[in-house]
Every structure is written in structure tokens, then in C-alpha cells.
Amino acid sequence: MFLEISKICKSFGTGENRAQVLREIDLEVERGEICVLLGPSGSGKSTLLNIIGGIDSADSGVLSINGERTADMDEKKLTLYRRKHLGYIFQMCS
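Residues numbered from 1 in each chain as written. Predicted model: local features only at pLDDT ≥ 70, side-chain atom pairs only at ≥ 80, totals over all residues. Heavy atoms only, no water.

Topic: helix H1 (residues 45-52)
Count 3.6 residues to each turn of an α-helix, and residues three or four apart come out pointing the same way. Restricting attention to buried positions, one finds in H1 the residues Thr-47, Leu-48, Ile-51 and Ile-52. Each buried residue of H1 sits inside an arc of 135 degrees when the element is viewed along its axis, so together they form one side. Close packing links the buried residues of H1 with strand S1 (3-12), strand S2 (19-29), strand S3 (60-65) and helix H2 (75-85). Phi for Gly-54, located one or two positions after H1, is positive at around 75 degrees. (Buried < 20%, exposed > 50% of the residue type's maximum accessible area, 1.4 Å probe, protein only. Helix = DSSP H or I, 4+ residues; strand = E, 2+ residues; numbered from the N terminus. Arc of directions from axis to C-beta. Contact = heavy atoms within 4.5 Å.)

Below is the structure:
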């Protein structure tokens, strides 16, 4: 398995204002497989992509790329991971 996501959780805010955005997300993607994230605004798509890209970290759960956990990567390894495995196309707003 190329990309493995297991039980990823992410929340923002504190106390009564705490919002859980991702709740135990599981996903597996094979190398070369096309995967689409689809959902309404505020459903956590960008948050999940930021975690996959190593831009943000999950509160809990495991993300592995080629069997290597991103949580175990230092900043240099994360940069090399992004360079080798990721590409972003940002949405432009006019």
C-alpha cells in the first residue's frame, strides 16, 4: 500500500468552541490509483490534504507513505517527502 491512513482525528479550537473536523478517518491508496475527496464546504477535505501533505499534523492516528510514518519524519524528511510524492493545485478565488 502506498498511502495508508488509519484513525486520523483532528480538532480545532478549545473548550466549548472545540470542533472535531476529522473523526477516525481510514483510507488506503495504491501507487498510481486516482482518489477523489468530495464533500461540502467545512467537511474537512483541506484539513485531510494538509495532514497528508505534512503541512499540518493529526491529533491522533497514523499516516504512512510507502510504509514510513510521517509522524516519525523530521522537517528535512518531510520536505523530501513532499518534493517526491506530492503535488498541489490550489483553488483560486476571484
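Now that the structure has been shown, we can carry on.
Focus on the sheet that holds strand S4 (residues 68-69)
Within a sheet, adjacent strands bond to each other through the backbone by hydrogen bonds, running parallel or antiparallel. The strand order S2-S1-S3-S4 describes an open sheet built from 4 strands, whose pairing is antiparallel. Two strands bound the open sheet, and with one partner strand each, they are S2 and S4. Relative to S3, S1 is paired through 5 bridges, and the arrangement is antiparallel. Counted as the bridge partner of Cys-9 is Ser-60 from S3. (Pairing = 2+ DSSP bridges.)

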